[in-house]
Amino acid sequence: MIPTIPTPDELLNKGFSRGKKAADLLRDQKIPKHLKGKRIEERRVITSCQVIKDKLKSILDAVPEIEELHPFYQDYIDITVGVDDMKQSLGALNWAYGILTQLEKEYGGKIRKNPSEKATMLQKQAYGRIASVVNKIKKDLDFLDFAKANLRNMPTIDFDATTIVIAGFPNVGKSTLLRQITGADPQVANYPFTTKGIQIGHTERHWKSIQIIDTPGLLDRPVLEMNDIEMNAIVALEHLADAILFIFDGSETCGFRLDNQYNLLKQIEKIFSEIPIVYLFNKMDLVEDKEYLNQYIDNVDNTIFISAIEGEGIEKINKKIDSISKIERNIDDEDEYY
Ligand code: GDP
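The name an unreviewed UniProt entry assigns to the protein chain is GTPase Obg, from the organism Methanobrevibacter oralis.

Here it is in C-alpha coordinates:
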(Lines give C-alpha, C1' and ligand atoms only; values in the text may rest on other atoms or scores of the structure.)
Protein backbone atom coordinates (compact mmCIF):
# COMPACT_ATOMS: atom_id res chain seq x y z
CA MET A 1 0.00 0.00 0.00
CA ILE A 2 2.86 2.40 0.79
CA PRO A 3 6.03 2.09 -1.33
CA THR A 4 9.57 2.46 0.01
CA ILE A 5 9.97 5.97 1.40
CA PRO A 6 13.30 7.78 0.85
CA THR A 7 14.89 10.18 3.34
CA PRO A 8 15.30 13.83 2.27
CA ASP A 9 19.02 13.17 1.69
CA GLU A 10 18.29 10.19 -0.51
CA LEU A 11 15.80 12.23 -2.50
CA LEU A 12 18.21 15.13 -2.93
CA ASN A 13 21.20 12.94 -3.76
CA LYS A 14 19.23 11.14 -6.40
CA GLY A 15 17.82 14.36 -7.86
CA PHE A 16 21.11 16.22 -7.88
CA SER A 17 23.20 13.36 -9.23
CA ARG A 18 20.72 12.69 -12.03
CA GLY A 19 20.64 16.43 -12.74
CA LYS A 20 24.40 16.47 -13.02
CA LYS A 21 24.43 13.46 -15.34
CA ALA A 22 21.82 15.01 -17.62
CA ALA A 23 23.73 18.29 -17.67
CA ASP A 24 27.04 16.55 -18.41
CA LEU A 25 25.53 15.05 -21.56
CA LEU A 26 25.30 18.57 -22.95
CA ARG A 27 28.98 19.36 -22.45
CA ASP A 28 30.11 17.54 -25.62
CA GLN A 29 27.29 18.90 -27.74
CA LYS A 30 27.68 21.69 -30.24
CA ILE A 31 25.95 24.63 -28.64
CA PRO A 32 26.89 28.30 -29.19
CA LYS A 33 29.38 29.30 -26.52
CA HIS A 34 27.32 32.07 -24.99
CA LEU A 35 24.38 29.64 -24.51
CA LYS A 36 26.17 26.51 -23.43
CA GLY A 37 26.67 27.38 -19.75
CA LYS A 38 23.04 28.43 -19.48
CA ARG A 39 21.75 25.28 -21.14
CA ILE A 40 23.83 23.09 -18.88
CA GLU A 41 22.64 24.74 -15.67
CA GLU A 42 19.05 24.90 -16.86
CA ARG A 43 19.09 21.18 -17.64
CA ARG A 44 20.65 20.49 -14.29
CA VAL A 45 17.98 22.33 -12.32
CA ILE A 46 15.05 21.02 -14.36
CA THR A 47 16.20 17.41 -14.29
CA SER A 48 16.83 17.54 -10.54
CA CYS A 49 13.35 18.90 -9.90
CA GLN A 50 11.77 16.34 -12.19
CA VAL A 51 13.52 13.37 -10.64
CA ILE A 52 12.49 14.41 -7.14
CA LYS A 53 8.96 15.18 -8.30
CA ASP A 54 8.67 11.80 -10.02
CA LYS A 55 9.59 10.04 -6.81
CA LEU A 56 7.06 12.07 -4.81
CA LYS A 57 4.41 11.37 -7.40
CA SER A 58 5.07 7.66 -7.37
CA ILE A 59 4.51 7.66 -3.60
CA LEU A 60 1.32 9.73 -3.89
CA ASP A 61 -0.01 7.51 -6.68
CA ALA A 62 0.70 4.30 -4.80
CA VAL A 63 -1.13 5.31 -1.62
CA PRO A 64 -4.89 4.94 -2.12
CA GLU A 65 -7.27 7.79 -1.28
CA ILE A 66 -8.16 7.12 2.32
CA GLU A 67 -11.76 8.30 1.88
CA GLU A 68 -12.27 5.79 -0.89
CA LEU A 69 -11.24 2.82 1.24
CA HIS A 70 -13.78 0.59 2.96
CA PRO A 71 -14.63 1.98 6.43
CA PHE A 72 -12.91 -1.01 7.99
CA TYR A 73 -9.59 -0.01 6.44
CA GLN A 74 -10.15 3.65 7.30
CA ASP A 75 -10.64 2.65 10.92
CA TYR A 76 -7.68 0.29 10.73
CA ILE A 77 -5.40 3.05 9.48
CA ASP A 78 -6.76 5.44 12.07
CA ILE A 79 -6.14 3.07 14.96
CA THR A 80 -2.74 1.99 13.71
CA VAL A 81 -1.11 5.22 12.54
CA GLY A 82 -3.81 7.94 12.54
CA VAL A 83 -5.75 9.04 9.48
CA ASP A 84 -5.22 12.77 10.12
CA ASP A 85 -1.44 12.39 10.35
CA MET A 86 -1.48 10.27 7.25
CA LYS A 87 -3.47 12.87 5.30
CA GLN A 88 -1.23 15.64 6.56
CA SER A 89 1.90 13.85 5.41
CA LEU A 90 0.49 13.12 2.00
CA GLY A 91 -0.63 16.75 1.81
CA ALA A 92 2.92 17.85 2.57
CA LEU A 93 4.29 15.70 -0.26
CA ASN A 94 1.76 17.27 -2.56
CA TRP A 95 2.80 20.71 -1.39
CA ALA A 96 6.47 19.93 -2.06
CA TYR A 97 5.54 18.67 -5.52
CA GLY A 98 3.81 21.98 -6.27
CA ILE A 99 6.70 24.13 -5.00
CA LEU A 100 9.22 22.11 -7.02
CA THR A 101 7.12 22.70 -10.13
CA GLN A 102 7.27 26.42 -9.43
CA LEU A 103 11.03 26.38 -8.78
CA GLU A 104 11.59 24.44 -11.97
CA LYS A 105 9.78 27.12 -13.97
CA GLU A 106 11.17 30.06 -12.06
CA TYR A 107 14.82 29.03 -12.27
CA GLY A 108 14.53 27.63 -15.78
CA GLY A 109 13.29 31.07 -16.81
CA LYS A 110 15.87 33.00 -14.80
CA ILE A 111 18.78 31.00 -16.15
CA ARG A 112 17.55 31.46 -19.73
CA LYS A 113 17.03 35.20 -19.38
CA ASN A 114 20.17 36.13 -17.48
CA PRO A 115 23.68 36.35 -18.89
CA SER A 116 25.73 33.16 -18.93
CA GLU A 117 28.01 34.32 -16.13
CA LYS A 118 25.08 34.19 -13.72
CA ALA A 119 23.99 30.65 -14.64
CA THR A 120 26.07 28.82 -12.06
CA MET A 121 25.07 31.20 -9.30
CA LEU A 122 21.38 30.74 -10.18
CA GLN A 123 21.74 26.97 -10.29
CA LYS A 124 23.28 27.03 -6.80
CA GLN A 125 20.44 29.22 -5.59
CA ALA A 126 17.90 26.82 -7.10
CA TYR A 127 19.59 23.84 -5.44
CA GLY A 128 19.48 25.63 -2.11
CA ARG A 129 15.77 26.18 -2.44
CA ILE A 130 15.10 22.65 -3.65
CA ALA A 131 17.01 21.29 -0.65
CA SER A 132 15.06 23.53 1.67
CA VAL A 133 11.71 22.30 0.31
CA VAL A 134 12.70 18.65 0.53
CA ASN A 135 14.08 19.09 4.05
CA LYS A 136 10.82 20.69 5.11
CA ILE A 137 8.98 17.42 4.45
CA LYS A 138 11.41 15.34 6.50
CA LYS A 139 8.92 14.62 9.27
CA ASP A 140 6.28 13.70 6.70
CA LEU A 141 8.61 11.26 4.96
CA ASP A 142 9.54 9.85 8.37
CA PHE A 143 5.87 9.45 9.21
CA LEU A 144 5.11 7.66 5.95
CA ASP A 145 8.02 5.32 6.57
CA PHE A 146 6.60 4.58 10.03
CA ALA A 147 3.13 4.09 8.50
CA LYS A 148 4.55 1.73 5.90
CA ALA A 149 6.11 -0.43 8.62
CA ASN A 150 2.93 -0.43 10.70
CA LEU A 151 0.47 -1.06 7.91
CA ARG A 152 2.40 -4.08 6.69
CA ASN A 153 0.46 -7.30 6.50
CA MET A 154 -2.97 -5.72 6.90
CA PRO A 155 -5.77 -8.28 6.91
CA THR A 156 -7.09 -9.03 3.44
CA ILE A 157 -10.82 -8.83 3.82
CA ASP A 158 -13.32 -10.13 1.30
CA PHE A 159 -16.08 -7.56 1.61
CA ASP A 160 -18.49 -9.64 -0.45
CA ALA A 161 -18.29 -12.62 1.86
CA THR A 162 -20.51 -13.30 4.84
CA THR A 163 -18.30 -12.42 7.76
CA ILE A 164 -18.49 -14.08 11.13
CA VAL A 165 -16.45 -12.82 14.06
CA ILE A 166 -15.63 -15.19 16.91
CA ALA A 167 -15.58 -14.01 20.51
CA GLY A 168 -15.05 -15.69 23.87
CA PHE A 169 -12.38 -15.98 26.56
CA PRO A 170 -8.96 -17.50 25.80
CA ASN A 171 -8.87 -21.30 25.56
CA VAL A 172 -12.61 -21.74 25.07
CA GLY A 173 -11.85 -23.28 21.65
CA LYS A 174 -12.05 -20.36 19.23
CA SER A 175 -9.17 -21.33 16.99
CA THR A 176 -10.13 -25.00 17.13
CA LEU A 177 -13.59 -24.06 15.89
CA LEU A 178 -12.21 -21.74 13.21
CA ARG A 179 -10.18 -24.61 11.80
CA GLN A 180 -13.08 -27.03 12.06
CA ILE A 181 -15.33 -24.80 10.00
CA THR A 182 -12.84 -23.48 7.47
CA GLY A 183 -10.52 -26.46 7.14
CA ALA A 184 -7.17 -25.18 6.01
CA ASP A 185 -4.79 -22.95 7.91
CA PRO A 186 -6.20 -19.48 8.40
CA GLN A 187 -4.59 -16.35 7.03
CA VAL A 188 -2.75 -14.56 9.84
CA ALA A 189 -2.52 -10.79 9.54
CA ASN A 190 -1.57 -7.90 11.80
CA TYR A 191 -4.28 -6.26 13.80
CA PRO A 192 -3.86 -3.62 16.47
CA PHE A 193 -4.11 -4.90 20.06
CA THR A 194 -4.16 -8.55 19.12
CA THR A 195 -1.38 -10.65 20.57
CA LYS A 196 -1.06 -13.19 17.81
CA GLY A 197 -2.61 -11.12 15.03
CA ILE A 198 -6.00 -11.62 13.51
CA GLN A 199 -6.85 -15.02 12.02
CA ILE A 200 -9.10 -15.27 9.01
CA GLY A 201 -10.43 -18.57 7.73
CA HIS A 202 -12.29 -18.87 4.44
CA THR A 203 -14.85 -21.38 3.32
CA GLU A 204 -17.72 -21.64 0.92
CA ARG A 205 -21.33 -22.69 1.48
CA HIS A 206 -23.70 -23.03 -1.44
CA TRP A 207 -21.46 -20.88 -3.63
CA LYS A 208 -21.38 -18.16 -1.06
CA SER A 209 -18.05 -17.13 0.45
CA ILE A 210 -17.82 -17.17 4.20
CA GLN A 211 -14.97 -15.73 6.21
CA ILE A 212 -14.50 -16.37 9.88
CA ILE A 213 -12.37 -14.04 11.95
CA ASP A 214 -10.75 -14.68 15.30
CA THR A 215 -9.09 -11.83 17.16
CA PRO A 216 -6.97 -13.24 19.99
CA GLY A 217 -6.30 -10.54 22.57
CA LEU A 218 -9.29 -8.43 21.61
CA LEU A 219 -12.65 -10.12 21.88
CA ASP A 220 -11.42 -12.49 24.54
CA ARG A 221 -11.19 -10.23 27.56
CA PRO A 222 -13.38 -7.90 29.56
CA VAL A 223 -14.32 -4.95 27.41
CA LEU A 224 -14.69 -2.71 30.45
CA GLU A 225 -10.93 -2.86 30.98
CA MET A 226 -10.20 -1.46 27.55
CA ASN A 227 -9.10 2.04 26.67
CA ASP A 228 -10.63 4.11 23.91
CA ILE A 229 -8.23 3.07 21.18
CA GLU A 230 -8.68 -0.60 21.99
CA MET A 231 -12.41 -0.04 21.83
CA ASN A 232 -11.96 1.49 18.40
CA ALA A 233 -10.10 -1.62 17.31
CA ILE A 234 -13.20 -3.59 18.25
CA VAL A 235 -15.58 -1.16 16.65
CA ALA A 236 -13.69 -1.50 13.35
CA LEU A 237 -14.85 -5.11 13.34
CA GLU A 238 -18.42 -3.91 13.49
CA HIS A 239 -18.07 -2.75 9.90
CA LEU A 240 -17.36 -6.32 8.91
CA ALA A 241 -19.38 -8.64 11.07
CA ASP A 242 -22.62 -10.12 9.76
CA ALA A 243 -22.80 -12.22 12.91
CA ILE A 244 -20.86 -12.96 16.07
CA LEU A 245 -20.20 -16.48 17.28
CA PHE A 246 -19.85 -16.21 21.03
CA ILE A 247 -18.20 -19.28 22.49
CA PHE A 248 -18.75 -20.46 26.03
CA ASP A 249 -16.55 -23.18 27.43
CA GLY A 250 -19.25 -25.25 29.10
CA SER A 251 -16.61 -27.32 30.90
CA GLU A 252 -14.88 -24.27 32.39
CA THR A 253 -11.55 -26.02 31.69
CA CYS A 254 -10.41 -22.81 30.01
CA GLY A 255 -10.00 -21.40 33.52
CA PHE A 256 -12.89 -18.93 33.36
CA ARG A 257 -16.10 -19.59 35.22
CA LEU A 258 -19.34 -19.52 33.29
CA ASP A 259 -20.66 -16.48 35.12
CA ASN A 260 -17.53 -14.57 34.03
CA GLN A 261 -17.98 -15.82 30.50
CA TYR A 262 -21.59 -14.70 30.63
CA ASN A 263 -20.48 -11.22 31.76
CA LEU A 264 -18.12 -10.99 28.80
CA LEU A 265 -20.99 -11.96 26.53
CA LYS A 266 -23.16 -9.17 27.96
CA GLN A 267 -20.41 -6.62 27.24
CA ILE A 268 -19.98 -7.88 23.71
CA GLU A 269 -23.73 -7.80 23.15
CA LYS A 270 -23.69 -4.14 24.15
CA ILE A 271 -20.93 -3.21 21.71
CA PHE A 272 -22.35 -5.20 18.82
CA SER A 273 -25.95 -4.38 19.57
CA GLU A 274 -26.90 -4.35 15.88
CA ILE A 275 -25.33 -7.68 15.02
CA PRO A 276 -26.93 -11.10 15.52
CA ILE A 277 -25.14 -13.35 17.97
CA VAL A 278 -25.04 -17.12 17.87
CA TYR A 279 -24.29 -18.68 21.27
CA LEU A 280 -22.10 -21.75 21.27
CA PHE A 281 -21.45 -23.98 24.26
CA ASN A 282 -18.21 -25.76 23.47
CA LYS A 283 -16.38 -28.76 24.97
CA MET A 284 -19.68 -30.55 25.53
CA ASP A 285 -17.65 -33.79 25.44
CA LEU A 286 -16.40 -32.77 28.90
CA VAL A 287 -19.71 -31.52 30.32
CA GLU A 288 -21.65 -33.88 32.56
CA ASP A 289 -24.32 -31.60 34.02
CA LYS A 290 -25.93 -29.98 31.00
CA GLU A 291 -28.82 -28.64 33.07
CA TYR A 292 -26.37 -26.35 34.80
CA LEU A 293 -25.79 -24.48 31.56
CA ASN A 294 -29.44 -23.42 31.24
CA GLN A 295 -29.01 -20.40 33.47
CA TYR A 296 -26.61 -18.94 30.91
CA ILE A 297 -28.92 -19.38 27.95
CA ASP A 298 -30.96 -16.33 26.99
CA ASN A 299 -31.93 -17.35 23.50
CA VAL A 300 -32.57 -21.04 23.02
CA ASP A 301 -33.14 -20.73 19.28
CA ASN A 302 -29.73 -19.22 18.71
CA THR A 303 -27.84 -21.57 21.04
CA ILE A 304 -25.87 -24.56 19.78
CA PHE A 305 -24.04 -27.19 21.83
CA ILE A 306 -20.81 -28.32 20.26
CA SER A 307 -17.54 -30.10 20.69
CA ALA A 308 -15.18 -28.25 18.39
CA ILE A 309 -12.46 -30.82 18.86
CA GLU A 310 -14.71 -33.71 17.85
CA GLY A 311 -16.51 -31.80 15.12
CA GLU A 312 -19.76 -32.25 16.98
CA GLY A 313 -22.40 -29.60 16.18
CA ILE A 314 -20.41 -28.03 13.35
CA GLU A 315 -23.12 -28.80 10.81
CA LYS A 316 -25.65 -26.94 12.96
CA ILE A 317 -23.34 -23.94 12.98
CA ASN A 318 -22.99 -24.15 9.22
CA LYS A 319 -26.75 -24.14 8.81
CA LYS A 320 -26.96 -21.14 11.08
CA ILE A 321 -24.38 -19.40 8.93
CA ASP A 322 -26.44 -20.27 5.84
CA SER A 323 -29.44 -18.58 7.38
CA ILE A 324 -27.38 -15.51 8.19
CA SER A 325 -26.03 -15.20 4.67
CA LYS A 326 -29.57 -15.65 3.37
CA ILE A 327 -30.87 -12.81 5.52
CA GLU A 328 -28.13 -10.71 4.04
CA ARG A 329 -29.24 -11.57 0.54
CA ASN A 330 -32.88 -10.83 1.44
CA ILE A 331 -34.04 -14.31 0.72
CA ASP A 332 -36.84 -15.37 3.02
CA ASP A 333 -35.54 -17.06 6.06
CA GLU A 334 -36.82 -20.57 6.68
CA ASP A 335 -37.85 -22.06 9.98
CA GLU A 336 -36.05 -25.29 9.27
CA TYR A 337 -32.80 -23.64 10.18
CA TYR A 338 -33.83 -23.12 13.77
P1 GDP B 1 -8.81 -20.36 21.90
O2 GDP B 1 -7.77 -19.77 22.80
O3 GDP B 1 -10.17 -19.90 22.32
O4 GDP B 1 -8.55 -20.21 20.46
O5 GDP B 1 -8.83 -21.94 22.24
P6 GDP B 1 -8.17 -23.15 21.44
O7 GDP B 1 -8.91 -23.46 20.20
O8 GDP B 1 -6.72 -22.90 21.33
O9 GDP B 1 -8.44 -24.33 22.45
C10 GDP B 1 -7.95 -24.32 23.79
C11 GDP B 1 -7.80 -25.75 24.27
O12 GDP B 1 -9.07 -26.36 24.37
C13 GDP B 1 -6.99 -26.62 23.32
O14 GDP B 1 -6.19 -27.46 24.08
C15 GDP B 1 -8.04 -27.39 22.55
O16 GDP B 1 -7.57 -28.64 22.13
C17 GDP B 1 -9.11 -27.56 23.61
N18 GDP B 1 -10.44 -27.71 23.03
C19 GDP B 1 -11.02 -26.93 22.08
N20 GDP B 1 -12.25 -27.37 21.78
C21 GDP B 1 -12.45 -28.46 22.57
C22 GDP B 1 -13.55 -29.36 22.73
O23 GDP B 1 -14.60 -29.28 22.08
N24 GDP B 1 -13.39 -30.35 23.64
C25 GDP B 1 -12.27 -30.50 24.38
N26 GDP B 1 -12.22 -31.50 25.24
N27 GDP B 1 -11.21 -29.69 24.25
C28 GDP B 1 -11.31 -28.66 23.36
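### Focus on the sheet that holds strand β4 (residues 208–214)
The strand order β2-β3-β4-β1-β5-β6-β7 describes an open sheet built from 7 strands, whose pairing is mixed. Unpaired on one side and paired on the other, β2 (187–189) and β7 (303–305) mark the two borders of the sheet. Across the sheet, the axes of successive neighbouring strands diverge by a mean angle of 25°, strand direction being ignored. Taken together, the 4 bridges between strand β1 (residues 162–167) and strand β5 (residues 243–249) define a ladder with parallel strand orientation. Across the sheet, the residue bridging to I166 is L245, located in β5. Lying on the sheet, helix α7 (residues 174–182) is in contact with β1, β3 (198–205), β4, β5 and β6 (277–282); it crosses β3 at an angle near 30°. The strands touched by helix α9 (residues 258–271) are β1, β5 and β6; relative to β5, the strand with the most contacts, the crossing angle is about 170°.

### Quick look at the site of the ligand
Close to the ligand lie 15 residues; N171, K174, S175, T176 and D285 are nearest. S175 is positioned with one of its backbone polar atoms (N or O) 2.8 Å from an oxygen atom of the ligand. At 2.8 Å from a nitrogen atom of the ligand is found a side-chain nitrogen or oxygen belonging to D285. Grouping the constituent residues of the shell around the ligand by class yields 6 nonpolar, 6 polar and 3 charged.

### A closer look at the nonpolar core
Nonpolar side chains in soluble globular proteins tend to end up buried together. Residues M86, I130, L177, L237 and I317 are the most contacted members of the largest nonpolar core, which totals 103 residues. If you tally residues by element for this core, the top one is helix α4 (residues 83–113), at 10 residues. In this structure, this core is formed jointly by two domains, domain 1 (8–151) and domain 2 (162–323), each of which donates at least three residues. Not counting chain neighbours up to four residues away, the residues in contact with I317 comprise L177, I181, L245, L280, I304 and I306.

### Here's the deal with the pattern of salt bridges
According to the stated counting rule, one finds 18 salt bridges in the structure shown. The salt bridge involving R27 is made with D24; its shortest N-O contact spans 2.9 Å. Note that R27 and D24 are positioned in helix α1 (residues 8–27) at a spacing of 3 residues, about one turn of the helix. Taking the relative accessible area as the measure of exposure, D24 reaches 28% and is therefore partly exposed. K53 is the salt-bridge partner of E104, the closest N and O atoms lying 2.9 Å from each other. Of the two residues, E104 is situated in helix α4 and K53 in helix α2 (residues 33–62); the sequence distance between them amounts to 51 residues. Taken together, the shared-partner salt bridges connect K20, D24 and R27 into one network.

### As for α1
With 20 residues, α1 should reach 28 Å at 1.5 Å per residue; the first-to-last C-alpha distance of 29 Å fits that figure. Within the sequence span of α1, burial applies to P8, L11, L12, G15, F16, G19, A22, A23 and L26. On an axial view of α1, the arc spanned by its buried residues comes to 130°, and they lie on one face. Residues of α1 that are exposed and angled more than 90 degrees away from the buried face: D9, N13, K21 and L25. Residues of α1 that are buried sit in contact with α2, α5 (119–136) and α6 (138–150).

### Digging into the packing of α1 against α2
At a closest axis distance of 7 Å, the pairing of α1 and α2 adopts a crossing angle of 145°. Of the two elements, α1 crosses α2, and the hand of that crossing is right-handed. Between α1 and α2, the contacting residues are L11, L12, K14, G15, F16, R18, G19, K20, A22, A23, L26 and R27 on the first element and K36, R39, I40, R43, R44, T47, S48, V51, I52, K55 and L56 on the second.

Rules used in this analysis
- Residues numbered from 1 in each chain as written.
- Predicted model: local features only at pLDDT ≥ 70, side-chain atom pairs only at ≥ 80, totals over all residues.
- Heavy atoms only, no water.
- Pairing = 2+ DSSP bridges.
- Helix = DSSP H or I, 4+ residues; strand = E, 2+ residues; numbered from the N terminus.
- Axes fitted to C-alpha atoms, helices over the stretch in contact; angles between N-to-C directions.
- Contact = heavy atoms within 4.5 Å.
- Near = heavy atom within 4 Å.
- Polar contact = N/O pair within 3.5 Å; in protein donor to acceptor, adjacent residues only side chain to side chain.
- Nonpolar A, V, L, I, M, F, W, Y, C, P; charged D, E, K, R; others polar.
- Core = buried A, V, L, I, M, F, W, Y, C linked by side-chain atoms within 4.5 Å.
- Buried < 20%, exposed > 50% of the residue type's maximum accessible area, 1.4 Å probe, protein only.
- Domains from an automatic or database assignment.
- Salt bridge = Lys/Arg side-chain N within 4 Å of Asp/Glu carboxyl O.
- Expected span 1.5 Å × (residues − 1).
- Arc of directions from axis to C-beta.
- Left-handed = near helix turned anticlockwise from the far one by under 90°.

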